[in-house]
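# Notes for the structure review
Letter by letter, the chains look like this.
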Amino acid sequence: MSSCSRTIPGLDASGEENFDGFGDTGDIDATESLLDIGMETEEEELGEESPNEEDGEQNGSAEHVVFGRAQILEMEFANPDEACRFYEQYSRAKGFAMRQGKKLKNRKGEIVRYTYLCNREGFRDRKWLEMQDRKREHKVVTRCGCQAEMRIKQKAESNNWYVSRFVDEHNHDLLPAKFVSYLPAYRKISDVDRAHMESLRQVGISIPKIYESIAAQAGGFNLVPFTKRDMYNVVRRQRAMQSGDVNAALQYFNVCARRDDNMYWQYQVGAEQNMCDLFWSDGRSQDDYKLFGDVLAFDATYGRNKYNLPVIVFSGVNHHNQTCVFGAAMVSSETQASYVWVLSKFLECMGGKAPKAVITDGDKSMRFAIQEVFPEAHHRLCAWHLLKNATVNVCKPRFTTLLRNCMLADVEVEEFERQWEAMMDECLVREVEWVKDLYTKKMAWATAYIRGCFYAGLRTTSRCESLHAKMGRFVERRYGILDFVTNFQRCVEFLRDNEEELDFRSLYGSPVLQTQFPELEKSGAVNYTREIFLRFREALKSSVRVTIVECKKLEDRTVYVTQKYRRPQSRWTVAHHFGTDSFFCSCMRMESFGLPCVHILAVLVQLDIGYLPKSLVLQRWSKTAKVEIEGPSIMNEPGEANEVYRSRMGAFLQHCKRLARVACMRESDFKSCLDRIVEETYVLEMKNGVGTAAQGSAAGGQDGVRDPVAVRTKGTGRAQEPFGCRGIKRRKCSNC
């Protein structure tokens, strides 16, 4: 705050100027803190107008008796802080708030006079009232030139401070006692409440819900010494201390890298140093990609952050046939260049290992980027999106039904071509441009042509949509980059916890055998995870409907011709190679999904084999799929250290429960213990580089990166359009 110096005479005890009591009759240099008569800040700040207010006083009401003017003029105080606390409690009891005013210094630089004012002293600067280009509505005027004040001076003989001037007349109405707590000067969030609020925010609980929780603990909303707006202000100031949203997120990645050596993140900025694109992946995601990265699915989702940046989540299928996350990215534009950059960083993060198969929704920019970065990968288009586009571009329900049959039917290429021609003749769509273009891409969507390419059972991006829905439980539209990243990682941890639960279910106990082939069924239960075993058992049950109609013995193999019951036109050949003890079927289900088909299982039954050959047990579906990498990288910590950490935590929690039982019996014990715990927690967080203390401490190393600019994408929706620009949404029937 600016200050000025001027030479003034003294004041006597009656209000006239005199400094004889200070033993210095010379001129006095008075350093005055200028009165804040300008516009109040747009956001109500907390705790700045009530100096030296102690945490223990905020919850209680003023217990001081309201003294008269004559009594206050006779008072003396040991120091200015004591006088400030007295006037603060006096103002609370009277129904107004105080703030500190002028300070006068003598030539030696010593403060010789303090002034405490009513918070409504002074006037708002006229220039703020006359501003023409305001974006917000004016805040109510609270400054009305109130003259109420208390001045104190120091006695030379005792060094005590006495009241030299006291004015108790206000030119405004004083507030009733029930409204005093709403004054900004008396609203303060304690360190305990801040820590409680931050811990709840980290698990995705909103500010209103946290406020309700604190009110329930306090015994009512009227006993909470702050408002929801004050809580939002605390969050805003914390973000401001982190040198921007993006820099705070980068600092978060740095903190994660201390615990995870494989933590990877990259970003690029635009011409004005605004972040454009961001990609990140932790060590466990990279380990999962090493095992299950043969199939990659990704799609963009919208409305997940306040900048409207599209979010791309790279996912796959683990050994439980459950979605697992390999990485995530945020892009400012859905252009080919942005997708090329993201896919290049993904490839770099994964050590140059490209996926064998990729499935997307068919976005043009995304398709070209995949061809450039993953030229060897087979690209499959989402069946659901194709059928949706067929409904829009052709508008014939019969065509959509026939297209679905052509797309998903597990038939030979010749049969597919026959069905396609029949569909063209029946629906009369041979000359439709969209249909012509679709036919040229048949290698990317027709099962007849895709058969033999491993896709782990994926035919649509529905898993991506399901993952986006799960993510919606953890992230919100109003989140910035830091909040999105931290809560997205919570979502990933949630998925990993589900995976560990499925690992337990697969290892604990044995399923009840239900088929006519108990040896084969037991072999499947031993090798496969529980979810995959259930699929295997269904195929084993169906194998009884398959018969072997022909057997050809060759030099190195035997070829079996199989047929389904009462379906002579459905024949498949199974080749058994003696040297490698491997089986190959013309339906290519083993190559497409990784599980033996009913035809191979029928041959195993015919040969009286009571176990599954190793060639029929794909490692990615087995219980031991993650044995090779179970260690430091998969757990982010050494296995032994992790067990020690868990045992320590268990023992510590037991003592915390004992402490909680006795500390909560008395209010004084509760506050004392809680304050010490919060203080020790903060110190340990700073020491170990974890928690909010570490995250908010120093983000200055990345202060050159600015927050991204809000963008508008194809998935933004009508909510972002100005109301007058929205057209009338026409209703359509299901056929249209």
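Everything numeric in this text was worked out from a predicted model, so none of it was measured.

Analysis parameters
- Residues numbered from 1 in each chain as written.
- Predicted model: local features only at pLDDT ≥ 70, side-chain atom pairs only at ≥ 80, totals over all residues.
- Heavy atoms only, no water.
- Helix = DSSP H or I, 4+ residues; strand = E, 2+ residues; numbered from the N terminus.
- Buried < 20%, exposed > 50% of the residue type's maximum accessible area, 1.4 Å probe, protein only.
- Contact = heavy atoms within 4.5 Å.
- Areas by Shrake-Rupley, 256 points an atom, 1.4 Å probe, with all protein chains shown as cover.
- Salt bridge = Lys/Arg side-chain N within 4 Å of Asp/Glu carboxyl O.
- Pairing = 2+ DSSP bridges.
- Phe/Tyr/Trp six-rings, centres within 6.5 Å; stacked < 30°, edge-to-face > 60°.
- Core = buried A, V, L, I, M, F, W, Y, C linked by side-chain atoms within 4.5 Å.
- pLDDT = per-residue confidence, 0-100.
- Axes fitted to C-alpha atoms, helices over the stretch in contact; angles between N-to-C directions.
- Patch = residues over 30% accessible without salt bridge, like charges linked within 9 Å, V, L, I, M, F, W, Y side chains within 5 Å.
- Lys, Arg positive; Asp, Glu negative; His and termini not counted.
- Charge placed at Lys NZ, Arg CZ, Asp CG, Glu CD.
- UniProt positions renumbered as here; feature names shortened; annotations may be inferred.
- Left-handed = near helix turned anticlockwise from the far one by under 90°.
- Nonpolar A, V, L, I, M, F, W, Y, C, P; charged D, E, K, R; others polar.

Here we come to the overall build of the protein. Scanning the protein for helices and strands turns up 26 helices and 18 strands. Buried residues in the protein amount to 44% of all 736 residues. Long-range pairs, those at least 24 residues apart, make up 64% of the contacts in the protein with a sequence separation of at least 6. Of the roughly 39,200 Å² that the protein leaves accessible, carbon and sulfur atoms contribute 51%.

This part is about the pattern of salt bridges. Per the stated rule, a full pass over the model turns up 33 salt bridges. Here Arg-496 ties to Asp-282 by a salt bridge, and the two come within 2.9 Å at their closest N and O atoms. Within this pair, whereas Arg-496 is found in helix H18 (residues 481-507), its partner Asp-282 is found in the loop between strand S9 (275-281) and helix H9 (283-292), the two being separated by 214 residues in sequence.

Quick look at the sheet that holds strand S6 (residues 149-154) now. Ordered by their spatial adjacency, five strands build an open sheet running S3-S7-S6-S5-S4, and the pairing between neighbours is antiparallel. Every interior strand has two partners, whereas the edge strands, strand S3 (76-77) and strand S4 (98-105), have only one. Of the strand pairs in this sheet, strand S5 (residues 111-118) and S6 are connected by five bridges, and their pairing is antiparallel. Looking across to S6, one finds that Leu-117 is bridged to Glu-149.

The next subject is the packing of aromatic side chains. This model, assessed by the stated rule, comprises 31 aromatic pairs. Ring centres of Phe-314 and Phe-346 lie 4.7 Å apart, and the angle between their planes is 25°; this geometry places the pair in the stacked category. With a gap of 32 residues between them, Phe-314 in strand S11 (residues 311-317) and Phe-346 in helix H10 (residues 336-349) connect regions that are remote in the sequence. The class of Phe-346 is buried, set by a relative accessible area of 0%. Judged by centre distance (5.1 Å) and plane angle (15°), the rings of Phe-504 and Tyr-508 are stacked.

Burial of strand S13 (residues 357-360) is two-sided: the residues Ala-357 and Ile-359 facing one way and the residues Val-358 and Thr-360 facing the other way are all buried. Both strand S10 (residues 295-301) and S13 contribute to a ladder of three bridges, which runs parallel. Bridge pairing in S13 links Ala-297 to Ile-359.

In terms of burial, helix H22 (residues 598-606) is largely enclosed, as seven of its nine residues are buried. Restricting attention to buried positions, one finds in H22 the residues Val-598, His-599, Ile-600, Leu-601, Ala-602, Val-603 and Leu-604. The inward-facing, buried residues of H22 abut helix H19 (518-527), helix H20 (530-542), strand S15 (546-553), strand S16 (557-564), strand S17 (567-577) and strand S18 (582-585). Following H22 by one or two positions, Asp-608 adopts a phi angle in the positive range, close to 60°.

Here Asp-707 lies in the segment after helix H26 (691-695). A C-alpha to C-alpha distance of 6.4 Å links Asp-707 and Gly-244, two positions 463 residues apart in sequence.

Here we come to the nonpolar core. With 42 residues, the main nonpolar core has Tyr-528, Phe-583, Leu-604, Leu-612 and Trp-621 as its most contacted residues. Contributing elements (two or more residues each) for this core: S10, S13, H19, H20, S17, S18, helix H21 (589-593) and H22. Among the elements that take part in this core, H22 stands out by supplying six residues, more than any other. Sequence-distant contacts of Trp-621, defined by excluding residues within four places in its chain, comprise Val-317, Asn-318, His-319, Asn-321, Phe-454, Ala-456, Asn-527, Tyr-528, Thr-529, Ile-532, Phe-593 and Gly-594.

Turning our attention to unusual backbone geometry. One non-glycine residue, Gln-273, lies in positive phi territory at about 65°. With respect to the helices and strands, the residue Gln-273 is situated in the loop between strand S8 (264-269) and S9. Of the residues examined, Gln-273 reaches a relative accessible area of 38% and is grouped as partly exposed. Positive phi outside glycine occurs at Ala-456, with the angle close to 55°. Position of Ala-456 among the secondary structure elements: in the loop between helix H16 (447-450) and helix H17 (462-471). The class of Ala-456 is buried, set by a relative accessible area of 2%.

For the protein, the mean per-residue pLDDT works out to 80, and 82% of the residues sit at or above 70. Mean pLDDT across the secondary structure elements of the protein bottoms out at strand S1 (residues 3-8), with 34, and peaks at H10, with 94. Predicted confidence is poor over residues 1-64, with pLDDT under 50, and the contacts of this stretch with residues over four places away or in other chains come to 144 contacts. Under a pLDDT of 50 for its full length, residues 631-640 has, in the predicted model, 18 contacts with residues more than four places off or in other chains.

Let us look at the sheet that holds S16. Taken together, the four strands give an open sheet; going across it, the order is S15-S16-S17-S18, and neighbouring strands pair in antiparallel fashion. Edge positions in the sheet fall to S15 and S18, since each of these pairs with one other strand and no more. On average, adjacent strands in this sheet sit at an angle of 25° to one another, irrespective of strand direction. Here S16 pairs with S17 via eight bridges, running antiparallel. Bridged to Thr-558 within S17 is His-576. Along the sheet, H22 makes contact with S15, S16, S17 and S18, crossing S15 at roughly 70°.

Okay, a negative patch on the surface next. On the surface, Asp-191, Asp-675, Glu-679 and Glu-680 cluster together to form a negatively charged patch. In terms of residue count, the dominant contributor to the negative patch is helix H25 (residues 667-688) (three residues). Inspection of the secondary structure assignment puts Asp-191 in helix H5 (residues 191-201).

Attention now moves to the side chain of Ser-506. Along the chain, Ser-506 turns up in helix H18. Using a relative accessible area of 3% as the deciding quantity, one classes Ser-506 as buried.

The next subject is the environment of Arg-473. With respect to the helices and strands, the residue Arg-473 is situated in the loop between H17 and H18. Here Arg-473 falls in the exposed class, since its relative accessible area comes to 59%. Considering only alpha carbons, one finds Arg-473 and Cys-491, 18 residues apart in sequence, at a separation of 8.2 Å.

With numbering matched to this structure, UniProt assigns "domain: SWIM-type" (unreviewed entry) to residues 572-608. From the first C-alpha to the last, residues 572-608 spans 20 Å; its make-up is 38% helix and 27% strand.

To continue, consider the packing of H17 against H18. Put simply, H17 and H18 touch, their axes get as near as 10 Å, and they point 115° apart. Relative to H18, the crossing made by H17 is right-handed. On the side of H17, the interface is formed by Leu-467, Lys-470 and Met-471, while H18 contributes Phe-484, Phe-488, Cys-491 and Leu-495. Grouping the amino acids of the contact of H17 with H18 by side-chain chemistry returns six nonpolar, no polar and one charged.

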